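What the coordinates show
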Amino acid sequence: MQANSEQRLVIRRPDDWHVHLRDDAMLAGVAVHTAKQFGRAIVMPNLSPPVTTVDQAESYRSRILAALPADSHFEPLMTAYLTDTISAEEIARGFGENVFAACKLYPANATTNSDHGVTSVSLISEVLETMQRIDMPLLIHGEVTSPDIDVFDREAVFIDTVLQPLRRDFPELRIVLEHITTKEAVDFVLAEGENLAATITPHHLEINRNAMFDGGLRPHMYCLPTAKRELHRQALRGAATSGNPKFFLGTDSAPHAIADKESDCGCAGIFNAPYALEAYAKVFAEEGALDQLEGFASLHGPAFYRLPANEATVALEQQSIDVPECVQAGETVLRPFHAGASLPWRFVGAA
Ligand code: DOR
Ligand code: ZN
């Protein structure tokens, strides 16, 4: 990292270790934003139908690359969507052939397109054993789904009732607890060995749960897991800016058409891809920790995934930018995170 008196920050090109790129016209509209800022991204498999086979992942990867300009160097890293019946052989073959970078565990019905997710971790023990043996990362949406559990407690209860037993049963399995939202998650990740890490989104660093109810119902601030109380946001900011390699960047950018958000039953997801790095830079600057941004954004993720850090560098400048109210993605209009606000650091691009 270099920063000089003109307030320019140069870091290795970052990667996004958790993103939803969707498919078809939406893919064509959103992938360019991620590819502009990031060298690689872990692409979520929650399409409809989900990405469960090596063939599906290869074909999805081709569609992503076809949606990008010919001179793009962006590398999509594909994931397999775990179901109750997915075969360990298929997973191992995909990992061995460098198609699958990881597997994603959605508890069934936890979030968007998770109805094919896992109903009980006990049903996939053979898959988890195989993953542990071949050292393939498991990426977890860490929420229980029982309607009896308060929505704001679902991550903490998942840690106690699912993740702890899973760690005990598969101690060598490399796990990323995705988009953590609570102090309990931060503390758990810190207490465990180095094969457990976590991604943190820009929105969970920026908003607490009040943002969903600020003067009225705010559907564009709704995502899953939902933002929590302020004390949790503070814990996440501390973790992200601490320099600890267990925490790294994962935007969870999750676009939905405005009409699908502003609905009687609005979709969960915040679209932050167009200004992702600017959003993180704002937080790190506010915390007086811009010197930790490169580790969080560009170094800790590759180290965990056992990949080289990107060689190329990108620059940010301390210059206010106005985030538009809307971003056009083909025919669809999307509302970006920070819509209508300004951000103090501007992503310049290749340094
Ligand atoms: O808010 C979310 N949106 N959380 C998820 O886990 C899924 C995502 C989506 O795909 O829209
Ligand atoms: Zn996600």
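First, a word on what this report is: a plain description of the structure on this page. (Residues numbered from 1 in each chain as written. Chains lettered and ligands numbered in written order. Predicted model: local features only at pLDDT ≥ 70, side-chain atom pairs only at ≥ 80, totals over all residues. Heavy atoms only, no water.)

1. Let's talk about empty space enclosed by the protein
A complete count under the given rule lists two cavities of 30 Å³ or more for this structure. In this structure, the largest cavity spans a volume of roughly 130 Å³. Residue classes in the lining of the largest cavity are distributed as six nonpolar, ten polar and three charged. The calculated volume of the second largest cavity comes to roughly 40 Å³. In terms of lining residues, the second largest cavity is bounded by T181, H204, I207, N208, A227, K228, R229, H232, R233 and L236. (1 Å grid on protein atoms, 1.4 Å probe; cavity = no way out; pocket = protein on both sides within 12 Å on 5 of 7 lines; lining within 4 Å. Points joined across faces, edges and corners; volume = space filled by probe spheres on them. Nonpolar A, V, L, I, M, F, W, Y, C, P; charged D, E, K, R; others polar.)

2. A short note on the environment of E172
With respect to the helices and strands, E172 occurs in the loop between helix 5 (154-169) and strand 8 (175-177). We classify E172 as exposed; its relative accessible area is 57%. As for E172 and T241, which are separated by 69 residues in sequence, their C-alpha atoms are 27 Å apart. The contacts of E172, once residues within four sequence positions are left out, are Q132 and N195. (Helix = DSSP H or I, 4+ residues; strand = E, 2+ residues; numbered from the N terminus. Buried < 20%, exposed > 50% of the residue type's maximum accessible area, 1.4 Å probe, protein only. Contact = heavy atoms within 4.5 Å.)

3. Some thoughts on the packing of aromatic side chains
This model, assessed by the stated rule, comprises eight aromatic pairs. When the centroid spacing of 6.4 Å and the interplanar angle of 65° are considered together, the rings of F248 and Y305 count as edge-to-face. Of this pair, F248 sits in strand 10 (residues 247-249) while Y305 sits in helix 11 (residues 293-305), placing them 57 residues apart in sequence. Both rings, one in F304 and one in Y305, keep their centres 6.0 Å apart while their planes meet at 75°; by these two values the pair is edge-to-face. Given the relative accessible area of 9%, F304 is considered buried. These aromatic residues form a ring-pair network of at least three members: W17, F248, F304 and Y305. (Phe/Tyr/Trp six-rings, centres within 6.5 Å; stacked < 30°, edge-to-face > 60°.)

4. A closer look at the site of ligand 1
Taken together, 13 residues form the shell around ligand 1, and within it R22, N46, T111, L224 and H256 come nearest. Between ligand 1 and H141 there is a distance of 3.2 Å, counted from an oxygen atom to a side-chain nitrogen or oxygen. The separation between a nitrogen atom of ligand 1 and a polar main-chain atom of L224 is 2.8 Å. Notes on ligand 1: free accessible area 290 Å², of which the protein chains cover 100%. Across the shell around ligand 1, the residue classes break down as four nonpolar, seven polar and two charged. (Near = heavy atom within 4 Å. Polar contact = N/O pair within 3.5 Å; in protein donor to acceptor, adjacent residues only side chain to side chain. Areas by Shrake-Rupley, 256 points an atom, 1.4 Å probe, with all protein chains shown as cover.)

5. Things to note about the pattern of salt bridges
Within the structure shown, the criterion is met by 17 salt bridges. We note a salt bridge from R8 to E317, for which the minimum N-O separation is 3.1 Å. With R8 in strand 2 (residues 8-12) and E317 in strand 11 (residues 313-322), the pair connects residues that are 309 residues apart, well separated along the chain. The partly exposed category is assigned to R8, whose relative accessible area is 27%. For R167, the salt bridge goes to E192, with nearest N and O atoms at 2.6 Å. Here R167 is found in helix 5, whereas its partner E192 is found in the loop between helix 6 (183-191) and strand 9 (196-200), with 25 residues between them in sequence. Salt bridges linked by common partners bring E206, R237, K282, E286 and E287 together as one network. (Salt bridge = Lys/Arg side-chain N within 4 Å of Asp/Glu carboxyl O.)

6. Brief notes about helix 10 (residues 276-286)
Here helix 10 lies mainly inside the structure; nine of its eleven residues are buried. Buried within helix 10 are the following residues: A276, L277, E278, A279, Y280, A281, K282, V283 and F284. Backbone geometry just downstream of helix 10 places G288 in the positive-phi region, at approximately 65°.

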